[in-house]
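# Structural overview for review
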Amino acid sequence: MGQVAASGTLDRRAVVKALLADRKDLLVVTGLGSASYDVMAAGDHDRNYYLWAAMGSAAMVGLGLASAQPRKPVLVLTGDGEMLMGLGSLATIALRKPTNLTIAVLDNGHFGETGMQASHAGRGIALERVAEACGFSWSGAVEDMAGVGALRKRIEDRGGLAFAAIKITAENPPRVLPPRDGVYVKNRFRAALGHAPI
Amino acid sequence: MRASQGSRADAWQHDVYRVLKDAGVKHIVYVPDAGHSVAIRMAESDPGVQSVVLTTEEEDIGYLAGAWLGGERGALLMQSSGVGNCINTLALAACARFPLLMVVTMRGDWAEFNGWQNPMGQATEPALRLMGVMTWRADDPEDVAPLLHGAASMAFNGDAACALLLGQRLIGEKKWVK
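Residues numbered from 1 in each chain as written. Chains lettered and ligands numbered in written order. Predicted model: local features only at pLDDT ≥ 70, side-chain atom pairs only at ≥ 80, totals over all residues. Heavy atoms only, no water.

The helix and strand tally for chain A stands at eight helices and eight strands. For chain A, whose C-alpha radius of gyration is 16 Å, the value lies close to the compact-globule estimate of 16 Å for 198 residues. On the principal axes, the C-alpha backbone points of chain A span a range of 55 × 35 × 30 Å. A total of about 8,100 Å² of accessible surface is found on chain A, and carbon and sulfur atoms cover 53% of it. Within chain A, the 18 negative side-chain charges are centred at a point lying 6 Å from the centre of the 22 positive side-chain charges. (Helix = DSSP H or I, 4+ residues; strand = E, 2+ residues; numbered from the N terminus. Rg over C-alpha atoms; globule rule 2.2 N^0.38 Å. Areas by Shrake-Rupley, 256 points an atom, 1.4 Å probe, with all protein chains shown as cover. Lys, Arg positive; Asp, Glu negative; His and termini not counted. Charge placed at Lys NZ, Arg CZ, Asp CG, Glu CD.)

So this is what it looks like as structure tokens:
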């Protein structure tokens, strides 16, 4: 009661645009809500998979994809609320340690989609320390655009399982809605990797 | 190898793994259960399979969706109590029509000592069906291989969610007091 929830200073759209510009063979999975809108705002792409449900699952979709496509970098972009719902998956992922997987949480310390209530992350739970405790090869907070640039390099290099809590401002930019047809997005993504529909 | 009278009591457990391999499964994700112990051990020692232990069952739906996006097949091994943990997440399989193959060992189903297992055990099959998962059940060792083959076939040929329930009569009565 009365406490001020922490959030960062980075602009979420600028962060995501910088991570995805000239992305080469990057595969992207987005958690439902604002992270999906940010990725769509940066430009729709055949190698994006947008979740519209299954809250808490984004990191695990990333693990499955990274395990099946070990030579391509995989980036999960999600929010702190979505990550909190799948916190156990950080333990599961850390045991597997795919070197091509990065989980980047757009962390504003709030449940932005539902009225900007303070989240656990905004009330003192440092997600990057959870990932670190689980054994991620690299885990840290990203608080400026130089850090975003370094993270992008880390993603491209596929140098080890990474987790980033990117400290963004708590605001909701205009929604840019990705396609909601899950079958279409699935088949488009698979086709981009050379897999035919059934 | 077919399970038949006079064969090892856990022959059907070997059938589970053989049928999954024959179906082209490259990923086995699981939350442990004694009824799956043979398949889990075989998966963990199989260099041709990525075996992934989960903290909770709903993790599997995202994992297997991701593996399929990347072009590979997988299957989930879990106990019936874990079906309850999956319910909301099953929307992913339903809305994107990901193939989803689940092998579920039953509790609260027959000769259950721990009544706390009964509510979820009794709700397992209807709950799966409510969420659009097709179900089959095996109580006889001879049914395990053909029913799992059928479920795998319909999952991967039909982009469908399919579950084989392994009944408590098949698994055997759990001895609580030895």
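Before going further, it helps to examine the interface of chain B and chain A. With 29 residues of chain B at the interface, the matching set in chain A holds 28 residues. With both chains or domains summed, chain B and chain A bury close to 2,300 Å², and 63% of this area falls on carbon and sulfur atoms. Applying the counting rule to chain B against chain A returns one salt bridge. In this structure, the salt-bridge partner of Asp159(B) is Lys186(A), at a minimum N-O distance of 3.1 Å. Taken together, chain B and chain A are joined by 13 residue pairs in polar contact (both at pLDDT 80 or more). Every element with two or more residues in the side of chain B that touches chain A is listed here: strand 2 (50–53), helix 3 (59–69), helix 5 (90–96) and helix 7 (141–158) of chain B. When residues in the side of chain B that touches chain A are grouped by element, the largest group, seven residues, is from helix 3 of chain B. Split by residue class, the side of chain B that touches chain A holds 13 nonpolar, twelve polar and four charged. (Contact = heavy atoms within 4.5 Å. Buried area = accessible area lost by both parts, 1.4 Å probe. Salt bridge = Lys/Arg side-chain N within 4 Å of Asp/Glu carboxyl O. Polar contact = N/O pair within 3.5 Å; in protein donor to acceptor, adjacent residues only side chain to side chain. Nonpolar A, V, L, I, M, F, W, Y, C, P; charged D, E, K, R; others polar.)

Okay, the packing of aromatic side chains next. To describe a pair of aromatic rings, one takes the distance between the centres and the angle between the planes. Using the criterion set out here, one finds three aromatic pairs over all chains in the structure. With 6.4 Å between their ring centres and 55° between their planes, Tyr37(A) and Trp52(A) make a pair best called tilted. You can see Tyr37(A) sitting in helix 2 (residues 34–41) and its partner Trp52(A) sitting in the loop between strand 2 (48–50) and helix 3 (58–68), a full 15 residues away along the chain. Arg190(A) extends its terminal NZ or CZ atom over the ring of Trp68(B), reaching a point 4.0 Å from the ring centre. (Phe/Tyr/Trp six-rings, centres within 6.5 Å; stacked < 30°, edge-to-face > 60°. Lys NZ or Arg CZ within 6 Å of the ring centre and 35° of its normal.)

Further remarks concern the pairing of strand 8 (residues 162–167) of chain A. All names here are of chain A. Summarising burial for strand 8: six of the six residues are buried, a large majority. Neither face of strand 8 is left uncovered, since the one carrying Ala162, Ala164 and Ile166 and the one carrying Phe163, Ala165 and Lys167 both have all their residues buried. Bridge analysis of strand 4 (residues 101–107) against strand 8 gives six bridges, and the strand direction is parallel. Looking at the pairing, Ala104 lines up with Ala164 of strand 8. Taken together, the five bridges between strand 7 (residues 138–142) and strand 8 define a ladder with parallel strand orientation. (Buried < 20%, exposed > 50% of the residue type's maximum accessible area, 1.4 Å probe, protein only. Pairing = 2+ DSSP bridges.)

All names here are of chain B. Reading across from one edge, 2-1-3-4-6-5 is the order of the six strands in this open sheet, with parallel pairing throughout. Two strands close off the open sheet at either side, each with one partner strand: strand 2 and strand 5 (134–138). Put simply, the sheet's adjacent strands are angled 20° from each other on average, direction ignored. Packed on one face of the sheet, helix 2 (residues 37–44) meets strand 1 (25–30), strand 2 and strand 3 (73–79) and runs near 125° to strand 1. (Axes fitted to C-alpha atoms, helices over the stretch in contact; angles between N-to-C directions.)

What follows deals with the pattern of salt bridges. All names here are of chain B. All chains considered together, the criterion is met by 18 salt bridges over all chains. Between Arg107 and Glu112 there is a salt bridge whose closest N-O contact spans 2.8 Å. For Arg107, a relative accessible area of 10% corresponds to the buried category. Residue class for Glu112 comes out buried when judged on its relative accessible area of 17%. Ionic pairing is found between Glu125 and Arg129, a salt bridge with its closest N-O pair at 4.0 Å. With Glu125 and Arg129 both in helix 6 (residues 118–130), this residue pair falls four residues apart, about one helical turn.

Turning our attention to the layout of surface pockets. All names here are of chain A. Taken as a whole, the largest pocket encloses approximately 320 Å³ of empty space. For the largest pocket, the lining is made up of 19 residues, of which Leu32, Gly33, Ser34, Gly112 and Glu113 are closest to its centre. Of all the elements in the fold, those that place two or more residues in the lining of the largest pocket are helix 2, helix 4 (80–85) and strand 5 (110–111). Residues belonging to the lining of the largest pocket are distributed by class as follows: seven nonpolar, eight polar and four charged. (1 Å grid on protein atoms, 1.4 Å probe; cavity = no way out; pocket = protein on both sides within 12 Å on 5 of 7 lines; lining within 4 Å. Points joined across faces, edges and corners; volume = space filled by probe spheres on them.)

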